[in-house]
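Breakdown of the fold
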Amino acid sequence: MSGRLSGKYALITAAGAGIGHATALAFAKEGAKVLATDINADALASLAAEHSSITTRTLDVTQPEQIQKLVGDSAPFDVLFNCAGYVHAGTILDTDDASWRRSFAINVDSMFHLCKAVLPSMLERSKGSIINMSSVASSIKGVPNRFAYTATKAAVIGLTRSIAADYVTRGVRCNAICPGTVKTPSLGDRVRALAGDEDTNWRSFVQRQPMGRLGEPEEIAALALYLASDESSFTTGTVHIVDGGWSN
């Protein structure tokens, strides 16, 4: 199948739902062979049924040994999309040690281990694109009650820029995507967990968006597709904000 990613092999985390799911489909439709991973086996089974170019494997991104085994069992990857993430709600005073550690384990440590695992084969072939999911809630913008999340996503930006600088002359690119509020199943779970009326809670999320709507997973997937493709071959170390103007 021809397409913008024809001949490329992509590894995607958190592909069972939301942005990861939309990106797996977008990559496959553009000719990539996709290894979609998630901790939720049922979600992966549903995804695999949607496109023949997608294979799946369960993965807990907080377990480095699982990451090493997956990469060791696979052909070299041309693209890595680190999409797995966790949103802890609260200020610094609401954040206990366990929540702080979990936030970093999922949002930052997983990217460290995955990037470190795929980089050697990318460097051997002098080609590769790493895409890391950050957020406008990071070094870009302070958001109330997102202390641990914001700290981790700021770390992702630093991680991304460091990898880009280290390997800029060796054919490997690394970029970050910073979405605003996107209508995903995980956001729905957080909305339903809030006190008060669910419809009112949804409206509060929408009202803070200058465009008057939430982002769609497919809109973020479109940017990931560009960064994975050779169209972005002169792009590395960048932080791409996709937030409907929220951070302006």
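Reading guide: rules and limits
Residues numbered from 1 in each chain as written. Predicted model: local features only at pLDDT ≥ 70, side-chain atom pairs only at ≥ 80, totals over all residues. Heavy atoms only, no water. Helix = DSSP H or I, 4+ residues; strand = E, 2+ residues; numbered from the N terminus. Rg over C-alpha atoms; globule rule 2.2 N^0.38 Å. Buried < 20%, exposed > 50% of the residue type's maximum accessible area, 1.4 Å probe, protein only. Core = buried A, V, L, I, M, F, W, Y, C linked by side-chain atoms within 4.5 Å. Contact = heavy atoms within 4.5 Å. Axes fitted to C-alpha atoms, helices over the stretch in contact; angles between N-to-C directions. Parallel < 35°, antiparallel > 145°, perpendicular 65-115°, else oblique. Left-handed = near helix turned anticlockwise from the far one by under 90°. Nonpolar A, V, L, I, M, F, W, Y, C, P; charged D, E, K, R; others polar. Disulfide = S-S within 2.5 Å. Pairing = 2+ DSSP bridges.

Looking only at helices and strands, the protein has eight helices and seven strands in total. Taken over C-alpha atoms, the radius of gyration comes to 17 Å for the protein, in line with the 18 Å a tight globule of 248 residues would show. Projected onto its principal axes, the C-alpha positions of the protein cover 50 × 35 × 35 Å. Per-residue burial for the protein yields a buried fraction of 50% across its 248 residues.

This next bit is on the nonpolar core. The biggest cluster of nonpolar side chains holds 28 residues, and the ones touching the most others in it are Phe27, Val34, Ile54, Phe81 and Ile177. Mapped by element, the contributors of at least two residues to this core are β1 (9-12), α1 (18-29), β2 (33-38), α2 (41-48), β4 (79-82), β5 (128-133) and α8 (217-228). The leading source of residues in this core is α8, at six residues. Contacts of Ile54, omitting those with residues within four sequence positions, involve Ala24, Leu25, Ala28, Val34, Ala36, Leu47 and Ala48. Judged by nonpolar contacts, the second largest core, of 27 residues, contains Leu80, Leu114, Ala117 and Val118.

It is at 8 Å that the axes of α1 and α8 come closest, and there the two elements cross at 50 degrees. For the element pair α1 / α8, the angle class is oblique. Crossing hand, α1 versus α8: right-handed. Side by side, α1 and α8 meet where Gly18, Ile19, Ala22, Thr23, Ala26 and Phe27 of the first sit next to Pro217, Glu218, Ile220, Ala221, Ala224, Leu225 and Ala228 of the second. Of the residues belonging to the contact of α1 with α8, the class tally is ten nonpolar, two polar and one charged.

With that settled, consider the state of the cysteines. With the rule as written, the count across this model stands at zero disulfides. Between Cys115, a free cysteine, and Cys174, which holds the nearest cysteine sulfur, the sulfur-to-sulfur gap is 5.4 Å.

Reading across the sheet, the seven strands line up as β3-β2-β1-β4-β5-β6-β7 and stay open at both edges, with parallel pairing between neighbours. Taken across any chain shown, the strands that pair with only one partner, and hence form the sheet edges, are β3 (54-58) and β7 (239-242). For this sheet the average axis-to-axis angle between neighbouring strands, irrespective of direction, equals 20 degrees. Of the strand pairs in this sheet, β5 and strand β6 (residues 172-179) are connected by six bridges, and their pairing is parallel.

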